Amino acid sequence: PVLYMPCYRLDGAIFTSQDAYGHTCTVIGTTWGSQGRSFDGLDDQITLGSAINSIKSALLWIYPDDNTSRSIMDFDVRTHSIEMDGSGNLTATGWNSPSFYVNTVNGAVAIAQSTWNFIVVSTATAFNGTTIVFGQEASFYDGKIGEACLYDRVLSAIEIQQNYQVTKWRYQ
């Protein structure tokens, strides 16, 4: 991945992503726990100090306390983002013909509240993440993020299934 952020492992106000690039991440308000970072839905966020080019896939474990009209992450000041709409469905603003997976189900978009959800959004058309922020875009995220990965390629259904299988034990 071009970004691997295992929030369950990363404590502190500033930490480094656990990938080959070592992105500096700055925490504003989130609290650390053994299953990830908690966001209060009011002003908590994690920002990356560097841009990531050619993003095609995002993979996250999320536990929303509120799954209505909440931003999960923003990539470039509101041009590309991942959020939940007013019905608790996963959406991807600015992504060209995105594919969605929720708990490995292709095409699923319903995000369950107060439980862990494994979400993946992919597009064949790459875009650059110039100002990446977890937890804020038009609104603030309310819940936990366990881990997040960004890729410069589209993940196959088999890769998505494999990633889910090797990480789900942490979020049961």
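Above this text sits the structure in question.
Each chain carries its own residue numbering, running from 1 in the direction its sequence is written. Given that this is a predicted model, residues contribute local features only at a pLDDT of at least 70 and side-chain atom pairs are listed and counted only at 80 or more, while totals for whole chains, interfaces and linings are drawn from all residues. Side-chain figures throughout are based on the complete set of non-hydrogen atoms in the structure, without hydrogens or water.

1. Overview of the sheet that holds strand E6 (residues 45-48)
Here comes step 1: A pair of strands counts as paired when DSSP detects no fewer than two bridges linking them. Secondary structure elements follow DSSP: runs of H or I of four or more residues count as helices, runs of E of two or more count as strands, with numbering from the N terminus. Within the open sheet, the 7 strands sit side by side as E2-E3-E6-E14-E8-E9-E10. Their pairing is antiparallel. Edge positions in the sheet fall to strand E2 (14-16) and strand E10 (90-93), since each has one partner strand and no second.
Here comes step 2: As paired strands, strand E8 (residues 70-74) and strand E9 (residues 81-84) are joined by 4 bridges and run antiparallel to one another. Each bridged residue has a counterpart across the sheet, and for methionine 73 the counterpart in E9 is isoleucine 82.

2. Examining unusual backbone geometry
Here comes step 1: Its identity is not glycine, yet serine 69 carries a phi of approximately 45°, on the positive side.
Here comes step 2: Although it is not a glycine, threonine 104 adopts a positive phi angle of roughly 75°.
Here comes step 3: Summarising the element assignment, threonine 104 is placed in the loop between strand E11 (99-102) and strand E12 (105-106).
Here comes step 4: For every residue, the accessible area (1.4 Å probe, protein chains only) is compared with the maximum for its type, and the residue is labelled buried under 20%, exposed over 50%, or partly exposed between those bounds. For threonine 104, a relative accessible area of 22% corresponds to the partly exposed category.

3. What to know about the pairing of E9
Here comes step 1: On E9, burial covers both faces: Ser81 and Glu83 on one face and Ile82 and Met84 on the other are all buried.
Here comes step 2: Here E8 hands over to E9 after 6 residues, with valine 77 in that stretch at a positive phi of 55°.
Here comes step 3: One ladder, built from 4 bridges, connects E9 with E10; its direction is antiparallel. Paired with serine 81 across the two strands is threonine 93, which belongs to E10.
Here comes step 4: Connecting E9 to the next strand, E10, in antiparallel fashion are 5 residues, including glycine 88 with a positive phi near 80°.

4. Some words on the pairing of strand E7 (residues 52-64)
Here comes step 1: The buried fraction of E7 is high, at 10 of 13 residues.
Here comes step 2: Inspection of the sheet shows E7 paired to strand E13 (residues 117-129) by 8 bridges, in the antiparallel sense. Looking at E13, one finds that isoleucine 55 is bridged to phenylalanine 127.
Here comes step 3: When E7 meets strand E15 (residues 142-151), the two strands line up antiparallel, connected through 8 bridges.

5. Re the packing of aromatic side chains
Here comes step 1: Within 6.5 Å between ring centres, the rings of Phe, Tyr and Trp (the latter by its six-membered ring) count as paired, and their orientation is classed by plane angle as stacked under 30 degrees, edge-to-face over 60, tilted in between. Counted according to the given criterion, the structure contains 10 aromatic pairs.
Here comes step 2: Ring plane angle 20° and centroid distance 5.6 Å describe the contact between tryptophan 61 and tyrosine 164, whose orientation is recorded as stacked. Taken together, the residues tryptophan 61 in strand E7 and tyrosine 164 in helix H1 (residues 157-167) connect sequence positions 103 residues apart. Accessibility classification places tryptophan 61 together with tyrosine 164 in one group, the buried group.
Here comes step 3: An angle of 25° between the planes, with centres 4.6 Å apart, marks the rings of tryptophan 61 and tyrosine 171 as stacked.

6. As for the environment of isoleucine 28
Here comes step 1: Relative to the elements of secondary structure, isoleucine 28 occurs in strand E3 (residues 24-28).
Here comes step 2: Along the sequence, isoleucine 28 and aspartate 44 sit 16 residues apart, while their C-alpha atoms lie 5.4 Å from each other.
Here comes step 3: Contact criterion: two residues are considered in contact whenever any of their non-hydrogen atoms come within 4.5 Å of each other. Those residues in contact with isoleucine 28, other than ones at most four positions away along the chain, are Asp43, Asp44 and Gln45.

7. A few points about the state of the cysteines
Here comes step 1: When the sulfur atoms of two cysteines come within 2.5 Å, that pair is taken as a disulfide. Going through the model one piece at a time under the given rule, you end up with 0 disulfides.
Here comes step 2: Here cysteine 7 stays free of any disulfide, with the sulfur of cysteine 25 as its closest cysteine sulfur at 8.0 Å.
Here comes step 3: Among the cysteines around cysteine 149, which has no disulfide bond, cysteine 7 carries the closest sulfur, lying 10 Å off.
Here comes step 4: In this structure cysteine 149 comes out as buried when scored by relative accessible area, which is 4%.

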